Amino acid sequence: MTPPHELRLSGALDLAPAPERTPVHIPPRLGHFIDGAFVDGSDTFDTINPATGDVLAKVCAAGAEEVDAAVRAADRAFREVWGPMDGAARGKVLYRIARRMQERSRELAVLESMDNGKPIRESRDVDVPLAANHFFYYAGWADKLSYAVPGRTVRPLGVAAQVIPWNFPLLMMAWKLAPALAMGNTVVIKPAETTPLTARLLCEVFQEVGLPPGVVNVVNGAGATGGHLVGHPIPRKVAFTGSTGVGKRILASTAGSGKKVTLELGGKGANIVFADAALDQAVEGTINGIFFNQGHVCCAGSRLLLEESVAADFLGRLQRRMSTLRVGDPLDKNTDVGAINSERQLKVIQHYVDVGRNEGATVWQGSATALPKRGLFHLPTLLLDVDSTCTVAREEIFGPVLSVLTFRTPDEAIKKANDTEYGLSCGVWTEKTSKLFEVSHALNCGVVWANGYNLFDPASPFGGVRHSGFGREGGLAGLAPYLEVT
Ligand code: NAD
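Residues numbered from 1 in each chain as written. Predicted model: local features only at pLDDT ≥ 70, side-chain atom pairs only at ≥ 80, totals over all residues. Heavy atoms only, no water.

(A) Here's a closer look at the overall build of the chain. The number of helices and strands found in the chain is 13 helices and 20 strands. Here the chain holds 486 residues, and 57% of them are scored as buried. In the form shown here, the chain has an accessible surface area of approximately 19400 Å², with 53% of it arising from carbon and sulfur atoms. Within the chain, the 51 negative side-chain charges are centred at a point lying 3 Å from the centre of the 49 positive side-chain charges. (Helix = DSSP H or I, 4+ residues; strand = E, 2+ residues; numbered from the N terminus. Buried < 20%, exposed > 50% of the residue type's maximum accessible area, 1.4 Å probe, protein only. Areas by Shrake-Rupley, 256 points an atom, 1.4 Å probe, with all protein chains shown as cover. Lys, Arg positive; Asp, Glu negative; His and termini not counted. Charge placed at Lys NZ, Arg CZ, Asp CG, Glu CD.)

(B) Fine view of the domain arrangement of the chain. Domain boundaries assigned for the chain yield domain 1 (7-16 + 267-450) and domain 2 (31-265 + 465-485). The C-alpha centroid of domain 2 is placed 29 Å from the C-alpha centroid of domain 1. In this assembly, domain 1 packs against domain 2 so that about 2600 Å² is buried in total across both faces, 52% of it on carbon and sulfur atoms. Among the residues domain 1 hides against domain 2, the three largest losses belong to P330, L331 and N341. Together they make up 23% of the total. (Domains from an automatic or database assignment. Buried area = accessible area lost by both parts, 1.4 Å probe.)

(C) Just the packing of aromatic side chains, in detail. The full count for this structure, using the stated rule, is 11 aromatic pairs. Arranged with centres 6.0 Å apart and planes meeting at 55 degrees, the rings of Y95 and F136 form a pair that is tilted. You can see Y95 sitting in helix α2 (residues 87-103) and its partner F136 sitting in helix α4 (residues 120-141), a full 41 residues away along the chain. Among the residues examined, Y95 registers a relative accessible area of 38% and is labelled partly exposed. The exposure class assigned to F136 is partly exposed, which follows from its relative accessible area of 24%. Where F168 meets F292, the ring centres are 6.0 Å apart and the plane angle is 40 degrees; that geometry is what we call tilted. Residue F168 is found in the loop between β7 (159-163) and α5 (169-182), and its partner F292 is found in the loop between α9 (279-290) and β13 (303-307); the two are separated by 124 residues along the sequence. Each member of the pair, F168 together with F292, is buried. Here the basic side chain of R200 rests over the ring of F38, its NZ or CZ set 3.8 Å away from the ring centre. The positively charged end of K237 is found above the aromatic ring belonging to Y482, 5.2 Å away from the centroid. (Phe/Tyr/Trp six-rings, centres within 6.5 Å; stacked < 30°, edge-to-face > 60°. Lys NZ or Arg CZ within 6 Å of the ring centre and 35° of its normal.)

(D) Examining the pattern of salt bridges more closely. Across all of its chains, the model carries 30 salt bridges by this definition. For E204, the salt bridge identified is with R200, shortest N-O distance 3.7 Å. A residue pair is termed a helical-turn pair when its members lie 3 or 4 positions apart in one helix, as E204 and R200 do in helix α6 (residues 197-209) at 4 residues. Via salt bridges that share partners, R99, R100, E103, R104, E107, R200, E204 and E208 belong to a single interconnected network. (Salt bridge = Lys/Arg side-chain N within 4 Å of Asp/Glu carboxyl O.)

(E) Region of interest: the sheet that holds strand β17 (residues 425-429). Spatial ordering of the open sheet is given by β14-β15-β16-β13-β12-β17-β18, a layout of 7 strands whose pairing is mixed. Because the sheet does not close on itself, it has two edges, and the strands there are β14 (362-365) and β18 (447-450). Across the sheet, the mean angle from the axis of one strand to that of its neighbour is 20 degrees, orientation sign disregarded. With 3 bridges connecting them, strand β15 (residues 381-384) and strand β16 (residues 401-407) associate as parallel partners. Its bridge partner being in β16, L383 is matched across the sheet by S403. (Pairing = 2+ DSSP bridges. Axes fitted to C-alpha atoms, helices over the stretch in contact; angles between N-to-C directions.)

(F) A look at the packing of α2 against α5. The geometry of α2 relative to α5 is characterised by a closest axis approach of 10 Å and an angle of 165 degrees between their N-to-C directions. Classed by the angle they form, the pair α2 and α5 counts as roughly antiparallel. When the axes of α2 and α5 are compared, the crossing they make is left-handed. Listed contacts from α5 to R90, L94 and M101 of α2 are L170, A178, L181 and A182. Within the contact of α2 with α5, the residues separate by chemical class into 6 nonpolar, no polar and 1 charged. (Parallel < 35°, antiparallel > 145°, perpendicular 65-115°, else oblique. Left-handed = near helix turned anticlockwise from the far one by under 90°. Contact = heavy atoms within 4.5 Å. Nonpolar A, V, L, I, M, F, W, Y, C, P; charged D, E, K, R; others polar.)

(G) Fine view of the layout of surface pockets. Of the pockets and cavities examined, the largest pocket occupies roughly 1000 Å³. In this structure, the largest pocket is lined by 42 residues; those nearest its centre are W166, G242, S243, V246 and R344. Of all the secondary-structure elements, those providing two or more residues to the lining of the largest pocket are α7 (223-231), β10 (237-241), α8 (244-254) and α11 (343-358). Here the element with the most residues in the lining of the largest pocket is α8; it accounts for 6 residues. Classifying every residue of the lining of the largest pocket by side-chain character gives 18 nonpolar, 15 polar and 9 charged. Residues lining the lining of the largest pocket come from more than one domain, with at least three contributed by each of domain 1 (7-16 + 267-450) and domain 2 (31-265 + 465-485). Within this model, the second largest pocket holds a volume of roughly 270 Å³. R121, E122, N288, F292 and D336 are, among the 15 residues lining the second largest pocket, the residues nearest its centre. Of all the secondary structure elements, the ones that give two or more residues to the lining of the second largest pocket are α4 and α9. Broken down by element, the lining of the second largest pocket gets its largest block of residues, 4 residues, from α4. Residues belonging to the lining of the second largest pocket are distributed by class as follows: 8 nonpolar, 2 polar and 5 charged. (1 Å grid on protein atoms, 1.4 Å probe; cavity = no way out; pocket = protein on both sides within 12 Å on 5 of 7 lines; lining within 4 Å. Points joined across faces, edges and corners; volume = space filled by probe spheres on them.)

(H) Structural detail: the site of the ligand. Around the ligand, the surrounding shell holds 28 residues, and the nearest of these are I164, E193, S243, L265 and E396. Contact distances for the ligand include 2.7 Å between an oxygen atom and a side-chain N or O atom of E193. The separation between an oxygen atom of the ligand and a polar main-chain atom of G242 is 3.3 Å. With the chains in place, 91% of the 850 Å² that the ligand exposes on its own is no longer accessible. When atoms are counted within 2 Å of each cavity's grid points, the one that captures over half of the ligand is the largest pocket. Broken down by secondary-structure element, the contributors of at least two residues to the shell around the ligand are α7, β10 and α8. The class makeup of the residues in the shell around the ligand is 15 nonpolar, 8 polar and 5 charged. Counting residues domain by domain, the shell around the ligand receives three or more from each of domain 1 (7-16 + 267-450) and domain 2 (31-265 + 465-485). (Near = heavy atom within 4 Å. Polar contact = N/O pair within 3.5 Å; in protein donor to acceptor, adjacent residues only side chain to side chain. Sits in = over half its atoms within 2 Å of the grid points.)

Structure below.
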């Protein structure tokens, strides 16, 4: 007898290949995008698929000369085309970018999952739609800038130098580009060295929709290329998203230059669950807070603060739910937890799990699937019996690892949540609105989610305080870093 899994569907029930299996073209060699054209470079390094180890492309690293050419192209485009252009006309181009991104969304999603390792469900349903929505949102601002600062006149700054990380390559690019362009600035942007592919596809979109040459320029490379870019004398604006260490270096190197700087840096978010919360929803929120994108999220809820009276009950539910998570092939739409982006990051995560164990934490790991035999993967992990003094409760791990702490009173929860040098995000779970407001106001961070976690909207400002950086992206506040008020 034929086993059930070999039964063939026939006739009208034949299924087309899953959209996520859309073939994508990856050029074997990635140069830069300067003055509207793809140009080759010299030194190359590999970008790999972290789920397989396969080399996806050779990537050129821009030196000072290539960065200079990109900045000069941006400067020319600012003075001659984009700066003087009517806001409504700029808005039309941004709308066209958003529409074309939607049309090419399958390719963007597949490329993002191959290059970054994130599950296709996330790149398809979160990264790509949110990135397109950013262009839609800021296209709407382009002809309404006279209302941005009531009673005052606003002007663009000129060339913006932007540097982004690998955890949300396309989305971070959209967060940086859309407000800068809507305001009339031009841009040179550097993607992270491990995730350059969707930036390349977005440049094809720019060509297709007729974005004037030089308005957006992309230079590839690692830290040295980023250094050339932020240190170039022409850009009047530096926008950086990445680690706190590199952010501090950029702040020091730009001090006294007169450049406007915004920094979106690391985090150590606390997800605070009170005993009166809807516990199953809070379990889902906790999962979304830390295992979403393998925990490669600056605002991840990487500390779970549980009210002591429900801690055991909650942990039982959380562990049961974690045991259903599927770790594996990022291009399989059933995958919950994909690949870790790089070997370096995998080692960092493993190091912190060892540190947690050595400091007395109990390590618990669970998933529905075994770790794939090849590729860079890490099991969803709980570090139990952690207290605020432990390294794993203080330092950013940037992986699928959740440190669990307990508290007895709202005051204790607030103190523990604020007991970190970071200040990016927190979540508060309670049925009691008064408690929600009281606790949220006392939390020292830029973003608080109420009975939810990792929820984003282009109209809503996002950013941190303290060592998580300064400046906001998204919403009206996201325009401020890119304008001059006269
Ligand atoms: P990273 O700081 O190592 O690199 C970020 C980018 O900076 C990369 O493009 C890199 O090539 C470049 N870079 C490195 N050294 C540089 C230098 N000296 N000058 C200029 N550019 C340089 O960070 P990462 O490992 O790619 O990203 C992870 C970090 O980013 C985490 O700490 C995470 O929390 C943070 N992050 C923050 C936000 C936010 O909005 N706050 C969002 C995403 C990621």
